[in-house]
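Listed here are the chains, written in short residue letters.
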Amino acid sequence: MGDLFADAAAGSLLLAVPVAVVAGLISFFSPCVLPLLPGYLSYVTGVGVQDLESAGRLRMLAGSVLFVLGFTVVFVLGGALFGAVGQSLFQYRREFSIVLGVVVIVLGLVFMGLVPLLQREVRIHAVPAVGIGVAPLLGFFFGLGWLPCIGPTLGVVLTLANQEGTAPRGALLTFVYCLGLGVPFVVAALAFRRFMVAVDWARRNQRALQLVGGGMLVLVGVLLVSGVWDAIVMDLQAWASSFGAVV
């Protein structure tokens with residue numbers, strides 16, 4: 001684990017981790033997650049939507065955290081798989097960066113709603129009985145059933161995980177993505193009334209958020225295709241290696 005974080009400080013994770021966090025936040029504020037926030041919190045806590053504001057904080061915290069852990073397992077396993085595959089393709093790194101960059105650009109355009117053919121959502125509608133006990137299972141269903149919906153942002157993170165070239169790095173990157181997606185769930189559970197003010201603002205500005213978020217994804221794709229991403233990584237590696245060890 002220590003070697004992993006040492007590599008992160010000197011490698012492309014310095015650049016990829018912030019992108020993964022932002023991608024997670026973009027996923028949370030996407031049209032297929034944000035509007036259903038009260039419903040999800042109701043399912044994972046066993047509390048009616050009308051009673052969420054007065055529900056006990058411990059119950060809200062437990063349900064939301066277990067829900068986040070459920071989908072984190074799915075995404076981290078996927079990140080580890082993509083990282084492992086990337087390791088075997090390391091010798092074709094430049095060619096693969098171009099291909100993945102094109103994919104990321106397309107995903108960004110999908111998120112912006114500019115590719116109608118790929119705008120369809122596929123979801124798992126089977127929902128288990130409500131309550132804290134099934135919150136991890138519901139999170140697991142969320143991770144599987146909403147992949148087509150949050151796919152554009154998650155796809156960027158998995159692309160970066162593939163570039164990292166190792167399973168631990170890929171797992172770390174998708175874990176950070178889950179923090180960006182999951183922390184708002186927990187915050188909303190603990191301060192539901194106040195958080196709904198932000199939710200209402202996001203709903204009113206949903207289109208602008210889609211355009212900004214999709215534009216950021218397209219930018220990442222352009223950086224990958226052009227080779228600027230690798231150049232920035234090399235600069236970060238040189239910058240990180242210039243610091244001596246702290247005793």
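Residues numbered from 1 in each chain as written. Predicted model: local features only at pLDDT ≥ 70, side-chain atom pairs only at ≥ 80, totals over all residues. Heavy atoms only, no water.

Short version of the rule: UniProt positions are given in the numbering used here, feature names are shortened, and annotations may be inferred rather than shown by experiment.
In the nomenclature of an unreviewed UniProt entry, the chain is known as Cytochrome c biogenesis protein CcdA of Aeromicrobium halocynthiae. The annotation that UniProt attaches to the chain under Sequence similarities (unreviewed entry) is "Belongs to the DsbD family."

**Some thoughts on the environment of Gly108**
How we decide: Secondary structure counts use DSSP, requiring at least four H or I residues in a row for a helix and at least two E residues in a row for a strand, with both numbered from the N terminus. Type-normalised accessible area, obtained with a 1.4 Å probe on protein chains alone, sets the label of each residue: buried when under 20%, exposed when over 50%, and partly exposed for intermediate values.
Among the structural elements, Gly108 can be located in helix H5 (residues 93-111). According to the relative accessible area criterion, Gly108 is buried, its value standing at 0%. Measuring from C-alpha to C-alpha, the distance between Gly108 and Leu211 comes to 9.0 Å, with 103 residues separating the pair along the chain.

**Re the nonpolar core**
Our working definition: Definition of nonpolar core: a set of buried residues of the types Ala, Val, Leu, Ile, Met, Phe, Trp, Tyr and Cys, connected through side-chain atoms within 4.5 Å. By the convention used here, residues are in contact when the closest approach between their heavy atoms is within 4.5 Å.
One finds Phe71, Phe75, Tyr177, Leu181, Phe185 and Trp229 to be the most contacted residues of the largest nonpolar core, which totals 54 residues. When residues in this core are grouped by element, the largest group, 10 residues, is from helix H8 (residues 167-190). With sequence-adjacent residues up to four places away left out, Trp229 is seen in contact with Leu15, Ala16, Val19, Leu160, Gln163, Val220, Leu223 and Leu224.

**Notes on the packing of aromatic side chains**
Stated precisely, the cut-off is as follows: Under the pairing criterion, centres of Phe, Tyr and Trp rings, with the six-membered ring standing for Trp, must be within 6.5 Å; the plane angle then separates stacked pairs below 30 degrees from edge-to-face pairs above 60, leaving the rest tilted.
Under the definition given, this model contains 9 aromatic pairs. Here the aromatic rings of Tyr40 and Phe67 are separated by 5.6 Å at their centres, their planes lie at 35°, and the arrangement is tilted. Linking Tyr40 in helix H3 (residues 37-45) with Phe67 in helix H4 (residues 57-88), this pair joins segments that are 27 residues apart in sequence. Overall, Phe67 belongs to the buried group, its relative accessible area being 2%.

**Re a nonpolar patch on the surface**
Quick reminder of the rule: Grouping into patches uses exposed residues only, defined as over 30% relative accessible area, and leaves out salt-bridged ones; the cut-off is 9 Å for like charges and 5 Å for nonpolar side chains (Val, Leu, Ile, Met, Phe, Trp, Tyr). Computed by Shrake-Rupley with a 1.4 Å probe, the accessible areas treat only the displayed protein chains as cover when residues are assessed. For salt bridges, the criterion is a side-chain nitrogen of Lys or Arg within 4 Å of an Asp or Glu carboxyl oxygen.
Judged by side-chain polarity, Leu58, Leu61, Val65, Leu69 and Leu190 come together as a nonpolar surface patch covering roughly 420 Å² of accessible area. Ranked by residue count, the leading element in the nonpolar patch is H4, at 4 residues. Relative to the helices and strands, Leu190 resides in helix H8.

**Brief notes about the side chain of Ser42**
Our working rule: Side-chain atoms alone can form a polar contact between residues adjacent in sequence; in general such a contact is a pair of N or O atoms within 3.5 Å, and within protein one must be able to donate a hydrogen while the other accepts it.
Counting through the fold element by element, Ser42 comes out in helix H3. Polar side-chain contacts of Ser42 include one of 2.6 Å to the backbone oxygen of Val47. What Ser42 contacts, discounting residues up to four positions off in sequence, is Val47, Gly48, Val49 and Leu52.

**Examining the environment of Thr72**
Structurally, Thr72 is set in helix H4. Classification of Thr72 by relative accessible area gives buried; the value is 10%. With 64 residues separating them along the chain, Thr72 and Pro136 place their C-alpha atoms 9.6 Å apart. Filtering out sequence-adjacent residues up to four positions away, Thr72 remains in contact with Phe175 and Cys178.

**Regarding the packing of helix H2 (residues 13-28) against H8**
Where we set the bar: Axis lines are fitted through C-alpha atoms, for helices just across the contact stretch, and the angle between N-to-C directions can take any value from 0 to 180 degrees. Put simply, a crossing is left-handed when the front helix is turned counterclockwise from the back one by less than a right angle, and right-handed when it is turned clockwise.
H8 packs onto H2 with a crossing angle of 35° between their chain directions and a minimal axis gap of 7 Å. In the packing of H2 onto H8, the handedness of the crossing is right-handed. Listed contacts from H8 to Leu13, Ala16, Val17, Ala20, Val21, Ala23, Gly24, Leu25, Ser27 and Phe28 of H2 are Arg169, Leu172, Leu173, Val176, Tyr177, Gly180, Leu181, Pro184 and Phe185.

**Examining the packing of H3 against H8**
Helix-helix packing is described using two parameters, namely the angle between the two axes and the distance between the axes. The condition that has to hold: Any angle that is under 35 degrees is reported as roughly parallel, and any over 145 degrees as roughly antiparallel; angles of 65 to 115 degrees are reported as roughly perpendicular and all others as oblique. Each residue gets one of three labels, nonpolar for Ala, Val, Leu, Ile, Met, Phe, Trp, Tyr, Cys and Pro, charged for Asp, Glu, Lys and Arg, and polar for the others, Gly among them.
Remark: H3 packs on H8, axes separated minimally by 11 Å, with the N-to-C direction vectors making an angle of 75°. Taken together, H3 and H8 sit at an angle that is classed as roughly perpendicular. In this structure, H3 uses Leu37, Tyr40 and Leu41 to contact H8, whose residues at the interface are Phe185, Ala188 and Ala189. Here the contact of H3 with H8 is built from residues that sort into 6 nonpolar, no polar and no charged.

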